[in-house]
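Given next are the chains, with one letter for each unit.
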Amino acid sequence: MVIEEIQGGVCAPKGFKANGIHCGIRKNKAKRDFALIVSEVRAAAAGVYTSNLVKGAPVVVTKKNLGDGYAQAIICNSGNANTCNANGIEIAEGMCALVENAGDISAKDVIVASTGVIGQQLDLSPMRYHMQELWSGLGDNSNLAAEAIMTTDTVRKSVAVSFELGGKVCKIGAIAKGVGMVCPNMATNLIFLTSDVAITSEMLQKALSEDVKTSFNMVSVDGDQSTNDTCCIMANGLAGNDVISDEGTDFKAFCTALNYCTVKLSRMLAKDGEGATKLIECRVTGADNECTAKTVAKSVIKSSLVKAAMFGADANWGRVLCAIGYAGVEVDVNAIDVSFSSKKGDLPVCKSGFGIDFSEEKAKEILSEDEVIININLNSGSSNATAWGCDLTYDYVKINGDYRT
């Protein structure tokens, strides 16, 4: 199977348009804060959401709207999470109604999302006043939508791919936002995917639910799980392929293309973590089962001490062993090998659970790159897993010390 990375984001698949504008939710007029993605036809849809008991009102409304497995539009605001508000459901449903009024799309076919500060009232008025502007500007504007869903993100996060199913050219596109309060148990913050593949809602949900286990669920920026995490996909079938209704060859191919997009976004989200200077990738091999591999990889990525060491380009491998030891899974600590690698090379630092001599200068050179890999071999089996995170910097504290004010 050939997967080609292409341009276009969520507008790359046939039949999708997008836009993003500033409507006034955010005080900075230079920052877009209102986004819309629309399919020209009703699409199969699926979603995964935060498992935090405190859920944003948009999560509740979106889960209800996707109960029948279909949607036609995604509306999202940034600057306010619409969480822990007495009238939150009313506002979220009101956002869906704005789409219905502007574009003759049922409010029940709208995915709604919000991101920003928790516990502050969200006024529908700015969105209502600018809805026609948002709608009339729909076009090949994936980048504008990607900008409009950003909060403390420093760069847009977008990907699109092309592949074939049964001789038909098919596409998947996506945009996402991070970059703080990221340690999911479903998906990471807000991710919106589009596709022109013909697939049933049931198989689309199966594909997405399985995919996040090895993509977004393996990302951690700071160990905090958001109240508004939402990952949704719409597939409108306009590619013209035979409808995917079972776990055959076409389904596997679709899942492979989907995973290409989600892993790419996972790396982007981790690398752009709040205040981050580098992406940390933890690769665990030789585990006795997949659960152990995932748990170890996530434990290392989440460790504040490991993250701080990576910020300082300090090859403090003992912190890696420490994080493995409290991960909560059984491993043979006397069998663990650890090395650090980047574009500057590979450096073994631990063999069979004990330290080995290495060059501090070489270690500094390797760990000073903007993408660093922590390689862990448990030497106990054939299972493996990869997790993504970032370093812990002074700027993370600065950003979150006055995030609300």
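Scroll up to find the structure this text is about.
Residues numbered from 1 in each chain as written. Predicted model: local features only at pLDDT ≥ 70, side-chain atom pairs only at ≥ 80, totals over all residues. Heavy atoms only, no water.

### Details of the environment of T393
In this structure, T393 sits in the loop between strand 15 (383-390) and helix 11 (394-401). Once the C-alpha coordinates of T393 and K307 are considered, the two residues, 86 residues apart in sequence, prove to be 8.3 Å apart. A distance of 2.6 Å separates a polar atom in the side chain of T393 from the backbone oxygen of G275. Among the polar contacts made by the side chain of T393, one reaches the main-chain amide nitrogen of D395 at a distance of 3.3 Å. (Helix = DSSP H or I, 4+ residues; strand = E, 2+ residues; numbered from the N terminus. Polar contact = N/O pair within 3.5 Å; in protein donor to acceptor, adjacent residues only side chain to side chain.)

### So, the environment of A235
Mapped onto the elements of the fold, A235 is located in strand 9 (residues 230-235). Given the relative accessible area of 3%, A235 is considered buried. Considering only alpha carbons, one finds A235 and G15, 220 residues apart in sequence, at a separation of 10.0 Å. Residue contacts for A235: discarding those within four places in its chain leaves A43, A44, S195, V197, I199 and L204. (Buried < 20%, exposed > 50% of the residue type's maximum accessible area, 1.4 Å probe, protein only. Contact = heavy atoms within 4.5 Å.)

### Here we look at helix 8 (residues 304-311)
Residues of helix 8 that are buried: V306, K307, A309 and M310. All buried residues of helix 8 project into a common sector of 160° when viewed along the axis, lining one side. One or two positions beyond helix 8, positive phi appears at A313, with a value near 55°. (Arc of directions from axis to C-beta.)

### Here's the deal with helix 6 (residues 249-271)
The first and last C-alpha atoms of helix 6 sit 33 Å apart over 23 residues, in line with the 33 Å expected at 1.5 Å per residue. By the burial criterion, the buried members of helix 6 are F251, A253, F254, A257, L258, C261, T262, L265, S266, L269 and A270. (Expected span 1.5 Å × (residues − 1).)

### As for the sheet that holds strand 12 (residues 345-351)
An order of 13-12-11-14-10-15 is seen for the six strands of this open sheet, with the pairing classed as mixed. Every interior strand has two partners, whereas the edge strands, strand 13 (354-355) and strand 15, have only one. By the bridge criterion, seven bridges tie strand 10 (residues 279-287) to strand 14 (residues 371-377) in an arrangement that is parallel. Following the sheet pairing, R283 is matched in strand 14 by N375. Helix-sheet contacts for helix 8 involve strand 10, strand 11 (337-342), strand 14 and strand 15, and the interaxial angle to strand 14 is about 135°. (Pairing = 2+ DSSP bridges. Axes fitted to C-alpha atoms, helices over the stretch in contact; angles between N-to-C directions.)

### Observations concerning the side chain of K177
Structurally, K177 can be placed in strand 7 (residues 168-177). In this structure K177 is buried but unpaired, with D153 as the nearest side chain of opposite charge at 4.3 Å. Side chain to side chain, K177 and T115 meet in a polar contact 3.2 Å long. At 2.9 Å, the side chain of K177 and the side chain of T151 are in polar contact. (Lys, Arg positive; Asp, Glu negative; His and termini not counted. Salt bridge = Lys/Arg side-chain N within 4 Å of Asp/Glu carboxyl O.)

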